[in-house]
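Close look at the chain arrangement
One letter stands for each residue in the lines below.
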Amino acid sequence: MARLTFHGHACFELQTDTGSVLLFDPFLDDNPVADIRTDDIEAVDFILCTHGHYDHFPDGLKIARRTGATMIGTFELMAFAESQGVEKVHKMNVGGGYTFPFGYVKLTPALHSGTVAGDDEGAYTTLAHGFWLDLKPGPGAEGRKRVYHAGDTALLMDMELLRGRVDVALLPIGDNFTMGPEDAARAVEFIQPRVVIPMHYDTWPPIAQDASAFARRVGTQAEVVILKPGEAYDF
Ligand SMILES: [Zn+2]
């Protein structure tokens, strides 16, 4: 059984069938709705960051330095992580994939702006993207487990390329900074995942959303799983 635990905003912890622990977009210490802080993370193998904004990336540096986890992200963002004392990074770029011990990871396109939080001289760039994972099956596992973390993004026609290739989709619904509920429901139409979990909403007033209204919009196209920070979904 794989387990996705939501820690608020765009942060998910994924325990895979093969025993790896992955952390997406940690934003814990300054996040008003997070259920844990960076110091509460004891064991993590990989930290995946979709871009360099402060609500997705700098907490990853703290956790990686303390735990020795490997950070995964774009070339420039990972070069910055190295410059900040992170020992293990894996540099990738959009459209590229790589097979890690837990499975295959591909960086998908996203449309969003970017600065690297902590890069005071502006020497590093950050191209926002999503992650598509095809997890390695565990003992006795049935079916594939493909997870799509969209990152921060607008609705993109490119999402249609994922149709039929996603089991669990993590999609932003907050509006204002990313796509809102209407566009996220269209993304579900494009991707046709089995399950969709909304994210990147209710952290601050500008991105307050009614997740159950989003679920009604999606209707029967996919199962919508609404997680509160600290709650988990097993699949
Ligand atoms: Zn964000």
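Residues numbered from 1 in each chain as written. Predicted model: local features only at pLDDT ≥ 70, side-chain atom pairs only at ≥ 80, totals over all residues. Heavy atoms only, no water.

**Quick notes on the packing of aromatic side chains**
For clarity, the cut-off: Stacked, edge-to-face and tilted are the three classes for Phe, Tyr and Trp ring pairs, Trp counted by its six-membered ring, which pair at centre distances within 6.5 Å; planes under 30 degrees apart are stacked, over 60 edge-to-face, the rest tilted. We count a stretch as a helix when DSSP gives it H or I for four or more residues in a row; a strand needs E for two or more, and each element gets its number in order from the N terminus.
Scanning the model with the defined rule gives 14 aromatic pairs in all. For the ring pair phenylalanine 6 and phenylalanine 12, a centre distance of 4.9 Å and an interplane angle of 40° mean the geometry is tilted. The interplanar angle of 65° and the centroid separation of 4.9 Å between the aromatic rings of phenylalanine 46 and phenylalanine 102 together place this pair among those described as edge-to-face. Taken together, the residues phenylalanine 46 in strand E4 (residues 46-48) and phenylalanine 102 in the loop between strand E7 (97-100) and strand E8 (103-109) connect sequence positions 56 residues apart.

**Structural notes on the coordination of the zinc ion**
In ideal tetrahedral geometry, four donors around a metal make angles of 109.5 degrees, whereas ideal octahedral geometry with six donors gives angles of 90 or 180 degrees. Note the cut-off: Atoms are scored as donors when they are N, O or S and lie within 2.8 Å of the metal, with 3.2 Å used for Na, K and Ca; no water is included, so coordination may look incomplete. For a four-donor site, all angles between 85 and 135 degrees give tetrahedral; for four or six donors, opposite pairs above 155 degrees with the remaining angles between 65 and 115 give square planar or octahedral; all remaining cases count as irregular. When a residue's accessible area, from a 1.4 Å probe over protein chains only, is under 20% of the maximum for its type it is buried; when over 50% it is exposed; and in between it is partly exposed.
Around the zinc ion, the protein contributes the donor atoms Asp55 (OD), His56 (NE2), Asp152 (OD) and His200 (NE2), which lie 2.1 to 2.3 Å from the metal centre. For the zinc ion, the 4 donor atoms in the first shell make angles of 90 to 167° at the metal, a pattern classed as irregular. Read N to C, the donor residues that coordinate the zinc ion are spaced as D-H-x95-D-x47-H. In this pair, aspartate 152 sits in the loop between strand E10 (146-149) and strand E11 (168-172) while histidine 200 sits in the loop between strand E12 (195-199) and helix H4 (211-218), placing the two residues 48 residues apart along the sequence. Of the two residues, aspartate 152 and histidine 200, both sit in the buried class.

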